[in-house]
Structure formats: C-alpha cells, structure tokens
Amino acid sequence: MHQRILFSIFIFLFCLSFGQTYEVQYISSYNGKVLTEQPPTLVWANEKENFILNNKIREQKAEYPFTLTKIEKPSNTVVSYALLKPNEIISTSDAEAIGKQTFEFTNETKKILGYNCKKAVTKINSNTIEVWYTSDLKIQGRCFNNWAKSGFCFRNRKK
C-alpha cells in the first residue's frame, strides 16, 4: 500500500511539474516477431527529465522486485529505483554513465511516424546498438539509459 501511494505521488508530481510531456511505448521484438510476454517499455520525457518504466509498473501490476529509471536533465544523471518489496526501495545515482557513452552518427535517414529520423550506432559491452532518433522535437528522450543528447529516440535495435 505504501509503495502504491509513493508511486502515485511520484507520477502525479512528475506530470504536474512540467510543461509538454511525451509518452512513447517501445515494443520488444526478436527476429521480426513481437515478444508478447514482455510488457512494453514506457518513456515519459519532457525538457527536465525522463522516466523509463514498463506498462505493468504504470498499471501498478508489476511483481516485486522491479525497477524504474529517471534521467535528470541537463546533468544527464541516471537515477535507478529498485522496489524490492512493499516499503523497501533502494536507489542508485550515476552522473557519468551517459557522458562516457560514445556514438557514431551516420548519414542514414528515414521517416518514423512522420518524423525525420537519423541513425546513430554505439557499442555497450559486446553489443552493437542502432538508435534511430529525431531532432524535430524540442526535447531529448531516451529509449534506454545511455542515449546521447542528440534528439528523441524512436527505435533502437541490438545486433
């Protein structure tokens, strides 16, 4: 009960505190097939911060333990909250992770949902990740924690 109240207040303050907030749902797929057992990832983004969570957390149906992530702007500090069980929350804060991430910005472009998008590529450990982003929106939004400050992420793909 305590966690539900805390989470509701957290979301309420987020929505009230800032101007234009975008919500984007990312659906996971593998080999072209949607992974129905995995809930969509949600990103709420505005000019001051981003929240990364999933649909089960928003609907307050997530099973413990679960995490949600906040990215504070303009510092690009990643704050991760782990809700271990009712009334037990731990958090970490990392002000360096995003700044250390490097991207190769390519000349490839395409339209996604009517927006002009550009492609960037990064490596995290042994994974190569393609990110499609737009600079047409006035904010930066991340589809995962380490996205650079170049625009709003519309799609990412691990190779």
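All values derive from a computational prediction rather than experimental measurement. (Residues numbered from 1 in each chain as written. Predicted model: local features only at pLDDT ≥ 70, side-chain atom pairs only at ≥ 80, totals over all residues. Heavy atoms only, no water.)

K.L.:
It is not clear to me how the confidence of the model for the chain should be interpreted in this structure. Could you clarify?
P.N.:
Predicted coordinates in areas of low pLDDT are best not read in detail. Averaged over all residues, the pLDDT of the chain equals 79, while 78% of them reach at least 70. Strand S8 (residues 88–94) holds the highest mean pLDDT among the elements of the chain, 94, whereas helix H1 (residues 2–17) holds the lowest, 53. (pLDDT = per-residue confidence, 0-100. Helix = DSSP H or I, 4+ residues; strand = E, 2+ residues; numbered from the N terminus.)

K.L.:
I would appreciate a short explanation of the nonpolar core in the present structure.
P.N.:
One recurring pattern in soluble globular proteins: nonpolar side chains tend to sit buried together. Counting residues in each nonpolar core, the largest one holds 17 residues, and the members touching the most others are Tyr26, Val43, Ala45, Ile71, Val131 and Phe152. For this core, the secondary structure elements donating two or more residues are strand S1 (22–26), strand S4 (41–45), strand S11 (127–134) and strand S12 (152–158). By size, the runner-up hydrophobic cluster in this structure holds 9 residues, among which are Trp44, Phe51, Ile57 and Leu68. (Core = buried A, V, L, I, M, F, W, Y, C linked by side-chain atoms within 4.5 Å. Buried < 20%, exposed > 50% of the residue type's maximum accessible area, 1.4 Å probe, protein only.)

K.L.:
What is the right way to read the side chain of threonine 77 from this model?
P.N.:
As for its position among the elements, threonine 77 is in strand S7 (residues 77–85). A distance of 2.9 Å separates polar atoms of two side chains, one belonging to threonine 77 and the other to serine 75. (Polar contact = N/O pair within 3.5 Å; in protein donor to acceptor, adjacent residues only side chain to side chain.)

K.L.:
What exactly am I supposed to notice about the packing of aromatic side chains here?
P.N.:
The way to describe two aromatic rings as a pair is by their centre distance and the angle between their planes. The tally for this structure, following the rule as stated, stands at 3 aromatic pairs. Geometrically, the ring pair formed by tyrosine 64 and phenylalanine 66 is tilted, given 5.5 Å between the ring centres and 35° between the ring planes. For tyrosine 64, a relative accessible area of 31% translates into the label partly exposed. Between phenylalanine 105 and tyrosine 133 the ring centres are 6.0 Å apart and the planes differ by 80°, which places this aromatic pair in the edge-to-face class. Residue phenylalanine 105 is found in strand S9 (residues 104–112), and its partner tyrosine 133 is found in strand S11; the two are separated by 28 residues along the sequence. Relative accessible area serves as the criterion here: at 41%, phenylalanine 105 is assigned to the partly exposed category. By relative accessible area, tyrosine 133 is classed as buried at 5%. (Phe/Tyr/Trp six-rings, centres within 6.5 Å; stacked < 30°, edge-to-face > 60°.)

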